[in-house]
Amino acid sequence: MGERERRLDEIRTQRSPLENHLIDELRSGHIGRREFIRRGTVVGMSVPLLGLIASACGVSREEIERKDPAQTGTPQRGGTIRAGILQPSGALDPVTVADQGGLGVLGQSGEYLIWSDRDLKAQPRLAESWAPSEGGRVWRFKIRQGVKFHDGTPMDAEDVAATFNRLADPDAGSNALSALGGVLSKDNTKAIDASTVEFQLDAPNGNFPFLTSSDNYNAIILPKDYDGDWEKTFIGTGPWKRSAFRPGEGVSYVPNREYWDKDRIPISDASEVRFYSNEQSEVFGLLGNEVDILVQFSVAGGKALLTDPDIRTIELQASAHRQVHLNNSTEQFKDKRTRQAMALLVNRRDLVDGLLDTKSDFGNDSPFAPVFPSTAKDVAQRQQDVRKAKELLAAAGQEDGFRVQLDGWNGFEMPDLAQLIQQNVRQAGIKIDLSITDAATYYGDATFGNSRWLDSAMGITEYGHRGVPNVLLGAPLLSKGTWNGAHFKNARYDDLVKDYTAAIDLGEQRRYAQQIQELLLDETPILFTYFYYYLTGAKSDIANVDVTAMGHFDLSRTGRVKS
Amino acid sequence: MARFIGKRMLLSLITLVLLSLIVFIGAQVLPGDIGRSILGPLADQRAVDALNERLGANESLVSQYFDWIGGLFTGDMGTSLAFRRPVSDVLGDALVNSLKLAIIAFVIVVPLSILGGVYAALNEGSKRDRFISLGGLSATAVPDFVWAVLLILVFSLLLGIFPVTATAPPGSGFFDQVYYLILPAMCLVFVLFGYIARMARAGTIEALDADYTRTAIIKGLPRRTVVRGHVLRNSLLPTIAVVATQAGYLLGGLLVIETIFNYQGIGQALYRAATQKDFPLLETGVLVVGVVYLVATLIADIMYSVLNPRVRLGGEQ
């Protein structure tokens, strides 16, 4: 037995069956390095340990902890780093924040149990470690000790429990309720002792750690006596402390010198987050040197940045996408062959190249984006096939085509997507009447019977990035899903999602994922045509820009590189 | 004069009540509610209901309206539902910003366009007249957002003379603030110059043709005296009315320019309030803009009556 094997055996004797299974998956080649690290962090293994195991399995640590070449360079200490984001749409309250601007601000002074990083790895922050029991129904988190809120109060397990019970409270007006619904109920988070929190879930959930992470952006840990007026203090445990807040204009921060992680005490003297009311102003802000970093821009709105030699674009693979639902209860789309034909008529290559300048992955008509480790990679990609589409339409008695209204709202590239789909399906005699309104009209009351989104025959809806597909598999597609504009009702699908959600093991998740992907390809209730990348713009002399596709940005290590 | 002003103020009050009723009725047809607007379309309905309850938005709009009216009488404008800050704070900041921009634009555009219009009229038919008239008309025909983008591209990004935003850094002095507001003010100058100059030109030409001007010239008065004493006094009457109506636009109607220059003025505050169904903010904001319109019109009427005694006498008769 070689030294490497002996070292691996030593490690394995101290690991749980679940962790050992993951190691087996790596050794057998069923999962790659990247998936091993991602999944390992979710079940509570630390990145250094995963690196050690991977190294013992013949994968060097250097290969895993790769560096983005665009991010290299040693930043200088001092100065002020300025980032531009969209203006938060309402009061900054961690419980109710529901937009990109708001979540960007929460992540500066606030902190999560886990940081879901740009590679979807779960990095310990206020939680030191975590582990499931009872088949994933119960999760215990070890809470870091010695951490203080910005007012000097120590943070403990009771603060963590209070934070999650507040978010799961149906009477709190919590934005996180939609993510926690059916997973974690109020009062089911308990502080066992000062450093241990136990989550008793409504049902087993293998991806639960992501719901405690920065992916669930409302979940910054707040003091147990939080009174709802966060704007007064911006209280948190993060590396930045608020120095000034100018409503509508921005926030200024200074480093939190008492921060628990000495390696992440900001290297800059200050940071500023500036608010912009629209993307065009954001782009002007970066081009006009008003900010150093534009946290997110789109291909359509930021073409000038993509070609500017002084701007470095950071691209992150993401799960953000547009869903084109085909209402299964309508005359036009009740036959799955018609729905399949619609999907086969769409030229995805044109969409990705034309709308997104290739900065996107192809969608395969399921929420399983290529970025998710659990996505089954060997399900064949659906391609445009006009001949087959016409055959399917003929078999469904729709050989002469039909007329249908496509609803949507005037945001991002969605009107262009609607037009391209309209052109694509015309070749099979299908006539689409576009009805593009404002967002408020499209969503209406967001309940069945009172919403174009949920009542239309065909509609385009935008969905942001998620670190795991659970939410996307649920509300838009489950028979009783509250966002199910497709009116898709399939008992087998519901069962598969339940099984997938409960699975802790990555191999098991992939097996269910494959069945779900194949079922959705067959049924085609929704067209998922692309998953677009998260784009960040930074001045070329700015290094260590750490962003995630969720919209978080960590400026603690960001600084200017000496020219 | 006092009776004239009193009568106008009474009419203004009635107008404001009608205005608040129109906004109230309009708000009822807007889709969605504040809770849904804050939490987004994907939020759990229980959370939306709870938030609406907490914000007092579950009460009927009629009840909200009378609460708001009752508050106004005690000097309380209410609390913005979306921002959870006193409406007076939200609108106060926005109003100050809008006033700064409006004053700078006003100070540039009013004398410039009146001088331009009068100069064109005095040189009617000449190349200078055509240059001012056609140039002004062309500038006005270009939409404000085109001017805004064009000015930013040329003066901010290409030449680097002016900042891309209108918001000066915190703690900036008077001149810095003016510097930041030059580009958006120039947009307004381009948009308004043609309109005001055209009115001034038409009024001046009409006055130049009038019998009293001809009589003054025949009497042998110097041209400068005729223009200053007889022509301008009469020619500016319609221009004053136009300028007064633009005052309201300059304060409350600059949404596009505020958006492009990332400036937190009344226009943006009202737009957000309308899209989010933030009733107290929307009602009060519209009322503030209404008051500005009415005050500007009242000032214009007073100036009108000072310049033209027939208006004043008519009011008294």
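Analysis parameters
- Residues numbered from 1 in each chain as written.
- Chains lettered and ligands numbered in written order.
- Predicted model: local features only at pLDDT ≥ 70, side-chain atom pairs only at ≥ 80, totals over all residues.
- Heavy atoms only, no water.
- Phe/Tyr/Trp six-rings, centres within 6.5 Å; stacked < 30°, edge-to-face > 60°.
- Buried < 20%, exposed > 50% of the residue type's maximum accessible area, 1.4 Å probe, protein only.
- Pairing = 2+ DSSP bridges.
- Helix = DSSP H or I, 4+ residues; strand = E, 2+ residues; numbered from the N terminus.
- Axes fitted to C-alpha atoms, helices over the stretch in contact; angles between N-to-C directions.
- Contact = heavy atoms within 4.5 Å.
- Salt bridge = Lys/Arg side-chain N within 4 Å of Asp/Glu carboxyl O.

Residues and elements named next belong to chain A. Summed over the entire model, instances satisfying the criterion amount to 26 aromatic pairs over all chains. Their ring planes at 20° and their centres at 4.5 Å tell us that Trp 230 and Phe 234 sit as a pair that is stacked. What makes Phe 234 buried here is its relative accessible area of 0%. Summarising the aromatic geometry, the rings of Tyr 442 and Tyr 443 are spaced 5.1 Å apart at their centres and angled 70° between planes, so their arrangement reads as edge-to-face. You'll find Tyr 442 and Tyr 443 in the same group, each marked buried. Taken together, the ring pairs connect Trp 130, Trp 139, Phe 141, Phe 164, Phe 199 and Phe 208 into an aromatic cluster.

With that settled, consider the sheet that holds strand E19 (residues 534-539) of chain A. All names here are of chain A. Pairing in this open sheet of 7 strands is mixed, and the strands run E8-E9-E10-E1-E11-E19-E12 from one edge to the other. The sheet is open, and its two borders are formed by strand E8 (240-246) and strand E12 (311-316), each paired with just one other strand. Averaged over all pairs of adjacent strands, the angle between their axes in this sheet comes to 20°, without regard to strand direction. Alignment of E12 against E19, held across 6 bridges, turns out to be antiparallel. Opposite Leu 316, over in E19, you have Tyr 534 as the bridge partner. Sheet contacts for helix H6 (residues 100-109): strand E1 (80-86), E8, strand E9 (250-255), strand E10 (270-276), strand E11 (293-297) and E19; angle to E9, the most-contacted strand, approximately 15°. Strands E1, E10, E11, E12 and E19 of the sheet are contacted by helix H10 (residues 279-287), whose axis makes an angle of about 150° with E11.

Residues and elements named next belong to chain A. Inspection of every chain in the model, using the stated rule, returns 34 salt bridges over all chains. With a shortest N-O distance of 3.8 Å, Arg 144 and Glu 128 are connected by a salt bridge. On the criterion of sequence distance, the pair formed by Arg 144 in the loop between strand E5 (138-143) and helix H7 (157-167) and Glu 128 in strand E4 (residues 127-133) is long-range, its members being 16 residues apart. With a relative accessible area of 15%, Arg 144 lands in the buried category. In this structure Glu 128 comes out as partly exposed when scored by relative accessible area, which is 40%. With its nearest N and O atoms 2.6 Å apart, the salt bridge here joins Glu 391 to Arg 387. Placement of the pair is Glu 391 and Arg 387 together in helix H14 (residues 386-395), with a separation of 4 residues, close to one helical turn. Arg 387 sits in the exposed class, given a relative accessible area of 58%. The network of salt bridges with common partners includes Arg 82, Asp 292, Asp 541 and Arg 560.

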